[in-house]
Amino acid sequence: MGMTVLSVAALIMSLFVLDQVALAGVALSMLIVAAALLGGIAVVTRDGNRQSGVTEQSTDLVSQSIWPLVTSIGVVFLALGLVISSVVFFGGIVILLAALAEWMVQSWSERASKDANYNASVRKRLLNPIEFPVLAALGLGIVIFSFSRIMLTVDKSVGTALFIVAGALVLIAGTLFAIRPNMRRSLGVAICVLGALGIIAGGVVSAVSGEREDLELAAAEGHFTHKECGPEESEYFDKLKEETLSLRSSVSATIIYQDGELIANLQGLDKPQKSITVSRSSATNIIFRNATEGEFRLVVDLGKPKTENADSDHDVDCTQLVETGGEQSLTLNIAKSSSAENHYKLFIAGAEDKQIEVVVP
Amino acid sequence: MVGKKSRTLFGVSLLSFIAASCATNAPQDTWQPKGPNAKIIDDLQQPVFAVAGVIGLIVAAAVIYSVFKFKDRGQPIPEQTHGKPALEITLTIIPALILAVVAVFTFGAIFKLAKTDDTEMIINVTGQQWWWEYDYPVQNEFGITQPIISSGQLVMPVGTKVLLRETSRDVIHSYWIPALNGKRDAVPGRIQTLRLEADKPGIFAGQCTEFCGLSHANMRMEAVALSKADFAKWVANQQAAYVAPEKDSLAQQGEAVFLNQCVRCHQVNGLMRADGTPAIAAPDENVWAGAAPNLTHLMSRNTFAGASFDLLSKQCRDEVWNASSDTIGAKYLAGVSQDCLNQKDLRSWLRNAPEMKPMYANPTQLEATGGKYRGMPYLALSEDDISKLVAYLLTLK
């Protein structure tokens with residue numbers, strides 16, 4: 001019942017503190033309903049009444065429990081999250097739900113018999129199949145995330161060496177466990193824990209010191225977002241992997257550079273086209289296929305950017321250099337209709353006369 | 001014991017059900033195919049319905065018989081037996097065989113409906129909350145020498161294999177003209193194809209069939225099939241240059257109101273600003289989907305606001321809808337005249353659109369969409385401005 005009252009208080013607080021209460025309101029309302037339901041059941045069944053609930057089988061004293069403390073932490077996160085951020089709020093909900101579940105099962109198991117060991121085994125039997133995979137996933141996630149921080153901080157060559165060393169250590173540890181099956185369990189646990197702690201510590205240090213210089217520079221200069229659309233090979237963009245495999249399943253047109261001519265094939269039309277129609281404000285995927293000897297890239301001229309400076313360069317987007325026989329996708333998303341003053345076109349970098357008109361009705 | 005009241009209720013319900021099944025004005029009836037694609041579906045669903053109906057009746061009769069025959073009258077419980085392999089195998093094999101036969105014909109129909117290599121015309125269809133946009137890419141064989149853009153009503157030539165290339169700008173919608181084919185989802189970032197073909201000239205109603213938000217029920221569409229000659233006339237009209245309203249007319253004042261208010265979202269091709277620059281709409285800055293209906297030839301259509309409302313008065317609309325296949329083309333191509341205009345709905349729409357059709361258009365509740373509307377907002381137009389706008393819109397044929 002206390003939880004119900006607390007949830008109502010949190011809901012009222014959220015109504016005053018937050019402008020956008022929809023999500024928090026729904027979450028807290030559900031919590032109120034759930035807590036009220038459980039509380040109601042407890043009251044009706046007199047489950048919380050120790051006088052009537054005591055049976056011959058139950059133990060006299062409950063064992064120590066960490067869950068009231070964890071529940072309190074969850075409530076604090078919940079309240080803070082309402083003010084600070086939704087991530088903290090949802091973290092609070094997760095902690096609260098986990099703690100309540102653990103607490104309830106522990107309370108229930110302690111009433112199973114007079115034997116505390118048996119009661120503990122009942123609790124384990126019910127919760128360990130859930131606890132172990134969750135904790136393992138959480139632990140592995142932290143270790144992997146920490147390792148990724150380390151790899152982003154150390155120099156590329158050091159990273160390679162580090163990866164080899166880490167792999168070798170895992171191999172050695174695995175071999176050790178395999179050839180010494182009777183090795184003390186605590187030693188195995190110690191090796192694993194020490195290894196994990198080392199990686200986590202390294203990850204924390206790396207996160208504090210930041211990413212290596214070339215990555216910071218690349219982020220600052222936009223190496224990963226800026227496309228160099230000239231005919232020559234670009235320093236960064238052309239070296240990135242194309243990550244658009246899924247787009248190929250839904251293309252609006254295939255643009256082919258063949259025998260020195262640029263043509264468009266549209267699904268449903270037999271003849272090659274010299275123009276394609278692109279719906280405005282809609283992501284439209286096209287495929288560029290290079291059937292001419294040499295490496296070429298397809299560029300889309302998106303007109304002049306919306307700026308006061310009438311002399312500013314046109315916005316462009318492009319594929320990477322595509323080798324003979326290769327193809328690559330390009331997504332167009334054009335907001336403004338084309339007009340006499342507002343032309344869009346596709347062309348081959350370095351051969352600007354090879355064009356396909358892009359019409360945005 | 002079933003009471004008299006319950007029997008009466010059951011009887012009324014049954015009569016209502018039978019009466020509803022006999023509706024004469026059912027423009028979205030799936031049992032009346034008007035084209036070869038819908039016919040493929042109909043040829044499949046008729047026998048399947050018959051077989052399923054017979055099986056359903058047999059099962060229902062068996063259940064009813066068992067309920068009444070063996071109901072508890074205090075008789076001793078019959079001997080309980082377990083396992084009748086022969087019967088169980090028979091009752092498994094028979095439905096499996098029926099389903100296998102249905103599957104063979106179903107797959108055949110699916111493959112026929114998925115064909116695209118015999119396409120004669122393509123039309124791009126884009127869904128957004130809560131209207132459909134149609135654009136016709138250049139197709140010289142149909143006289144389309146520059147792209148045509150329209151909304152609400154899909155116009156197509158009869159006897160032509162049309163391939164719709166569907167996508168969406170916001171959420172998933174689904175395009176369905178029951179008389180011409182089945183449903184096809186319009187999914188953002190994807191292009192899905194749907195074949196349409198009409199046997200005869202006519203207007204065929206449809207409805208978005210994927211829940212897409214507040215006004216999903218108001219996201220309608222109509223396919224208008226015209227004879228090839230009439231379609232050519234329609235194409236020529238859609239490609240005609242913009243004609244500015246007469247000088248010093250009410251419509252010219254309406255053009256100024258349009259430039260001041262409506263062109264923020266709605267494009268009218270050829271419309272120029274006072275400084276001589278073309279008026280380019282910027283729906284991407286105001287509407288979440290990034291588009292609003294192009295109104296260049298608004299009065300050549302019969303509907304507006306996602307085909308939710310008629311531009312034609314009821315009498316004029318009935319004349320078009322009830323016209324024979326020989327005369328419907330001429331009646332449709334006549335467009336909306338002053339006399340036939342549904343002034344009431346159009347004025348109401350301009351006065352307060354969100355009141356006519358539920359939309360996310362409250363300016364104080366647009367945080368989730370970065371201040372952009374979903375639908376048309378309330379523009380606080382004066383009655384005078386509305387009159388001017390109506391006069392101007394009437395010129396957009």
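Residues numbered from 1 in each chain as written. Chains lettered and ligands numbered in written order. Predicted model: local features only at pLDDT ≥ 70, side-chain atom pairs only at ≥ 80, totals over all residues. Heavy atoms only, no water.

1. So, the overall build of chain A
For chain A, the count of helices and strands is nine helices and nine strands. In chain A, of all internal contacts separated by at least 6 residues, the share reaching a separation of at least 24 is 63%. Counting every atom, chain A has about 22000 Å² of accessible surface; 65% of that belongs to carbon and sulfur. (Helix = DSSP H or I, 4+ residues; strand = E, 2+ residues; numbered from the N terminus. Contact = heavy atoms within 4.5 Å. Areas by Shrake-Rupley, 256 points an atom, 1.4 Å probe, with all protein chains shown as cover.)

2. Thoughts on the overall build of chain B
Looking only at helices and strands, chain B has 11 helices and 12 strands in total. Seen through its C-alpha atoms, chain B measures out along the principal axes to roughly 95 × 50 × 45 Å. Counting all 397 residues of chain B, 46% fall into the buried class. For chain B, the share of sequence-separated contacts (at least 6 apart) that also reach a separation of at least 24 residues comes to 66%. (Buried < 20%, exposed > 50% of the residue type's maximum accessible area, 1.4 Å probe, protein only.)

3. Quick notes on the pairing of strand 10 (residues 220–226) of chain B
Residues and elements named next belong to chain B. Burial analysis of strand 10 places six of its seven residues in the buried class, the great majority of the element. Direction of pairing for strand 4 (residues 153–157) relative to strand 10: parallel, over a ladder of five bridges. If you follow Pro157 over to strand 10, its bridge partner there is Leu226. Sheet topology note: the strand 9 (residues 202–207)/strand 10 ladder contains six bridges and is antiparallel. Looking across to strand 10, one finds that Gly202 is bridged to Ala225. (Pairing = 2+ DSSP bridges.)

4. Considering the packing of aromatic side chains
Residue and element names in this part refer to chain B. Under the counting rule described, the total for this entry stands at 15 aromatic pairs over all chains. The residue whose ring lies beneath Lys183 is Trp176, and the NZ or CZ to ring-centre distance is 4.7 Å. If you follow Arg374 out to its NZ or CZ, it ends over the ring of Tyr360, 4.1 Å from the centre. (Phe/Tyr/Trp six-rings, centres within 6.5 Å; stacked < 30°, edge-to-face > 60°. Lys NZ or Arg CZ within 6 Å of the ring centre and 35° of its normal.)

5. Examining the interface of chain A and chain B
Often, the extent of an interface is quoted as the loss of accessible area on bringing the components together. If you look at the interface, chain A gives 26 residues, while chain B gives 34 residues. Interface area for chain A against chain B, summed over the two sides, is near 2300 Å², with a carbon-plus-sulfur share of 46%. Scanning the region where chain A abuts chain B turns up three salt bridges. Ionic pairing is found between Glu285(B) and Lys336(A), a salt bridge with its closest N-O pair at 3.3 Å. On inspection of chain A and its partner chain B, the count reaches 11 residue pairs in polar contact (both at pLDDT 80 or more). Counted by class, the side of chain A that touches chain B contains seven nonpolar, 15 polar and four charged residues. (Buried area = accessible area lost by both parts, 1.4 Å probe. Salt bridge = Lys/Arg side-chain N within 4 Å of Asp/Glu carboxyl O. Polar contact = N/O pair within 3.5 Å; in protein donor to acceptor, adjacent residues only side chain to side chain. Nonpolar A, V, L, I, M, F, W, Y, C, P; charged D, E, K, R; others polar.)

6. Quick look at the pattern of salt bridges
Here the structure, examined in full by the defined rule, presents 17 salt bridges over all chains. The salt bridge partner of Lys336(A) is Asp284(B), with a shortest N-O separation of 2.9 Å. On the criterion of chain membership, the pair formed by Lys336(A) in the loop between strand 7 (327–332) and strand 8 (344–348) and Asp284(B) in helix 6 (residues 283–286) is interchain, its members lying in two chains. Across the pair, exposure class does not vary: Lys336(A) and Asp284(B) are buried alike. For the salt bridge of Asp310(B) with Arg317(B), the shortest nitrogen-to-oxygen distance reads 3.1 Å. The class of Asp310(B) is partly exposed, set by a relative accessible area of 22%.

7. What to know about the confidence of the model for chain B
Of the residues in chain B, 98% have a pLDDT of 70 or more, and the chain-wide mean is 92. Across the interface, the model reports ipTM at 0.73; the global pTM reads 0.70. (pLDDT = per-residue confidence, 0-100.)

8. Some details on the sheet that holds strand 9 of chain B
Residues and elements named next belong to chain B. With mixed pairing, the three strands of this open sheet are ordered in space as 4-10-9. Every other strand in the sheet has two partners, leaving strand 4 and strand 9 as the edge strands with one partner each. Adjacent strand axes in the sheet meet at a mean angle of 20 degrees when their direction is disregarded. Where helix 4 (residues 228–238) meets the sheet, it contacts strand 4 and strand 10, and its direction lies at approximately 130 degrees from that of strand 4. (Axes fitted to C-alpha atoms, helices over the stretch in contact; angles between N-to-C directions.)

9. Concerning the state of the cysteines
All names here are of chain B. Applying the stated criterion across every chain yields a total of two disulfides over all chains. Between Cys316 and Cys340 runs a disulfide, and the two sulfur atoms are separated by 2.0 Å. Because the torsion about its S-S bond is -75 degrees, the bridge between Cys316 and Cys340 counts as left-handed. Here Cys340 lies in the loop between helix 8 (328–333) and helix 9 (343–351) and Cys316 lies in helix 7 (residues 314–321), a separation of 24 residues in the sequence. With a relative accessible area of 11%, Cys316 lands in the buried category. Looking at the unpaired Cys208, the closest cysteine sulfur is the one in Cys212, lying at 3.9 Å. With no disulfide of its own, Cys265 lies closest to Cys262 among cysteine sulfurs, the gap being 9.0 Å. (Disulfide = S-S within 2.5 Å.)

10. Observations regarding the nonpolar core
Core analysis: the biggest nonpolar cluster contains 79 residues, and Tyr136(B), Leu154(B), Tyr175(B) and Phe258(B) have the highest contact counts within it. Excluding residues that lie within four positions of it along the chain, Phe258(B) makes contacts with Val263(B), His266(B), Val268(B), Leu271(B), Leu295(B), Leu389(B), Tyr392(B) and Leu393(B). (Core = buried A, V, L, I, M, F, W, Y, C linked by side-chain atoms within 4.5 Å.)

11. Considerations on the sheet that holds strand 2 (residues 131–136) of chain B
Residues and elements named next belong to chain B. Strand order in the open sheet made by the five strands is 3-2-1-5-8, with mixed pairing throughout. Looking at which strands have only one partner, the edges of the open sheet turn out to be strand 3 (148–151) and strand 8 (192–196). Within the sheet, the average angular offset between the axes of one strand and its neighbour, ignoring direction, is 25 degrees.

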